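# Observations on the model geometry
Residues per chain, in single letters:
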Amino acid sequence: MTYLEFEKPLAEIEGKAEELRALARKNEAMDVEKEAVALDKKAADLLRELYKSLDPWRKCQVARHPDRPHCKDYIEALFTEYTPLAGDRNFADDPAVMGGLARFNDTPVVVIGHEKGHDTKSRIEHNFGMARPEGYRKAIRLMDLADRFGLPVITLIDTPGAYPGKGAEERGQAEAIARSTQKCLEIKVPLISVVIGEGGSGGAVAFATGDRVAMLEHSIYSVISPEGCASILWKDAEKMREAAEALRLTAQDLLKLGVIDRIIAEPLGGAQRNANAAMAAVGSEIALLLDELREKGPDLVPERRRKYLAMGAKGLAA
């Protein structure tokens with residue numbers, strides 16, 4: 001278990017309980033179960049207290065937790081017969097974006113998502129989930145395919161933002177993001193988007209302009225990272241806590257503002273503490289949303305357009 005900064009007191013208690021049990025395993029004559037159980041209860045109470053009312057900056061930390069399940073994990077857990085499709089038929093394949101044909105509860109779908117990787121090697125390989133233009137163009141190709149064959153599209157968003165490198169800019173990063181967003185608005189099939197971790201800037205919007213947008217309870221979705229916002233407004237990245245408050249980037253704030261449609265509850269302590277339960281909850285919500293959208297038929301495109309044209313009407317006073 002990787003502990004976040006604010007979880008250090010919890011790490012100490014859980015560490016002591018594990019030390020006691022480790023000693024007992026080495027010496028069967030020792031009876032420490034009563035003390036260990038008491039520590040377990042204390043840890044559970046503290047965990048509940050810590051996660052009862054997380055502030056926006058702590059939500060950012062949880063959303064970025066390295067042990068949270070990523071796109072690949074969700075695809076393996078929720079989809080069957082997954083057939084990955086690679087390349088944008090123009091320049092290259094982008095490992096930061098994975099997608100292809102699959103079945104969800106026996107329904108043929110197209111699934112697309114950002115993949116961050118789970119260790120140093122895979123994170124470098126997937127560019128930490130930061131897509132280049134070819135990643136967005138691959139997504140456009142997959143959405144065209146879904147539209148042609150009448151397959152619902154499910155997108156899983158988890159990115160700090162689009163890759164800002166020189167090569168990406170030379171190959172038309174902004175244009176690729178804009179066209180991917182446009183394609184989301186044009187396709188005539190249901191489009192369900194789920195923010196499973198970070199929803200960063202246009203890199204997230206390019207996949208998340210859906211009929212229904214859901215967020216995991218402790219995920220974030222924002223036009224800019226708190227650190228980036230603090231650097232611009234206050235010339236000090238250390239003011240990220242104030243920036244996180246001002247950005248209204250939590251699922252709870254965004255639901256009030258009408259930016260998202262659903263919040264998916266996470267296990268106590270976040271998705272990283274019980275990945276299977278978190279992925280099952282996401283699967284259940286996707287199933288409900290698919291059933292809801294199947295009844296819309298040809299009304300999907302104009303309704304989706306109205307939804308995004310009206311966005312922001314509630315204002316920051318909401």
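Residues numbered from 1 in each chain as written. Predicted model: local features only at pLDDT ≥ 70, side-chain atom pairs only at ≥ 80, totals over all residues. Heavy atoms only, no water.

Assigned secondary structure in the chain consists of 14 helices and eight strands. Expected size for 318 residues packed as a compact globule is a radius of gyration near 20 Å; at 21 Å, the chain falls within 12% of this value. When each of the 318 residues of the chain is scored for burial, the buried share is 49%. If you take every contact in the chain between residues at least 6 apart in sequence, the share linking residues at least 24 apart comes to 72%. A total of about 15300 Å² of accessible surface is found on the chain, and carbon and sulfur atoms cover 54% of it. For the chain, the distance from the average position of its 45 positive side-chain charges to the average position of its 50 negative side-chain charges is 3 Å. (Helix = DSSP H or I, 4+ residues; strand = E, 2+ residues; numbered from the N terminus. Rg over C-alpha atoms; globule rule 2.2 N^0.38 Å. Buried < 20%, exposed > 50% of the residue type's maximum accessible area, 1.4 Å probe, protein only. Contact = heavy atoms within 4.5 Å. Areas by Shrake-Rupley, 256 points an atom, 1.4 Å probe, with all protein chains shown as cover. Lys, Arg positive; Asp, Glu negative; His and termini not counted. Charge placed at Lys NZ, Arg CZ, Asp CG, Glu CD.)

Our next topic: the layout of surface pockets. Taken as a whole, the second largest pocket spans an internal volume of roughly 230 Å³. Residue lining of the second largest pocket: 18 residues in total, with Lys72, Pro95, Met98, Glu115 and His126 positioned closest to the centre. For the lining of the second largest pocket, the elements supplying multiple residues, two or more each, are strand S1 (79–84), strand S2 (97–104) and helix H5 (120–125). Of all the elements, S2 adds the most residues to the lining of the second largest pocket, at three residues. (1 Å grid on protein atoms, 1.4 Å probe; cavity = no way out; pocket = protein on both sides within 12 Å on 5 of 7 lines; lining within 4 Å. Points joined across faces, edges and corners; volume = space filled by probe spheres on them.)

Let's shift gears to helix H11 (residues 240–247). When H11 is considered as a whole, its buried residues turn out to be Met240, Ala243 and Ala244. Axial view of H11: buried residues confined to an arc of 100°, hence all on one face. Contacts made by the buried residues of H11 are with helix H3 (56–63) and helix H10 (226–233). Looking at the residues trailing H11, positive phi occurs at Arg248, about 55°. (Arc of directions from axis to C-beta.)

So, about the packing of aromatic side chains. Inspection of every chain in the model, using the stated rule, returns three aromatic pairs. Residues Phe6 and Tyr51 carry aromatic rings whose centres are separated by 5.9 Å and whose planes lie at 55° to one another, so their mutual orientation is tilted. Within this pair, whereas Phe6 is found in the segment before helix H1 (8–26), its partner Tyr51 is found in helix H2 (residues 33–52), the two being separated by 45 residues in sequence. Just as Phe6 is buried, Tyr51 falls in that class too. The lysine or arginine in question, Arg132, covers the ring of Tyr163, its NZ or CZ lying 4.7 Å from the ring centre. (Phe/Tyr/Trp six-rings, centres within 6.5 Å; stacked < 30°, edge-to-face > 60°. Lys NZ or Arg CZ within 6 Å of the ring centre and 35° of its normal.)

What follows covers helix H13 (residues 275–294). With 20 residues, H13 should cover 28 Å at 1.5 Å per step; its first-to-last C-alpha distance of 29 Å lies within 8% of that length. Of all the residues in H13, the buried ones are Ala278, Met279, Val282, Gly283, Glu285, Ile286, Leu289, Leu290 and Leu293. (Expected span 1.5 Å × (residues − 1).)

The next thing to look at is the pattern of salt bridges. Scanning the entire structure with this criterion turns up 27 salt bridges. Note that Arg171 and Glu134 form a salt bridge whose closest N and O atoms lie 3.0 Å from each other. With a gap of 37 residues between them, Arg171 in the loop between helix H7 (166–170) and helix H8 (173–186) and Glu134 in helix H6 (residues 133–149) connect regions that are remote in the sequence. With a relative accessible area of 25%, Arg171 lands in the partly exposed category. Residue Glu170 pairs with Lys166 through a salt bridge whose shortest N-O separation is 2.7 Å. Of this pair, Glu170 and Lys166 are both found in helix H7, four residues apart, which corresponds to roughly one turn of the helix. An identical accessibility class is assigned to Glu170 and Lys166; each is exposed. (Salt bridge = Lys/Arg side-chain N within 4 Å of Asp/Glu carboxyl O.)

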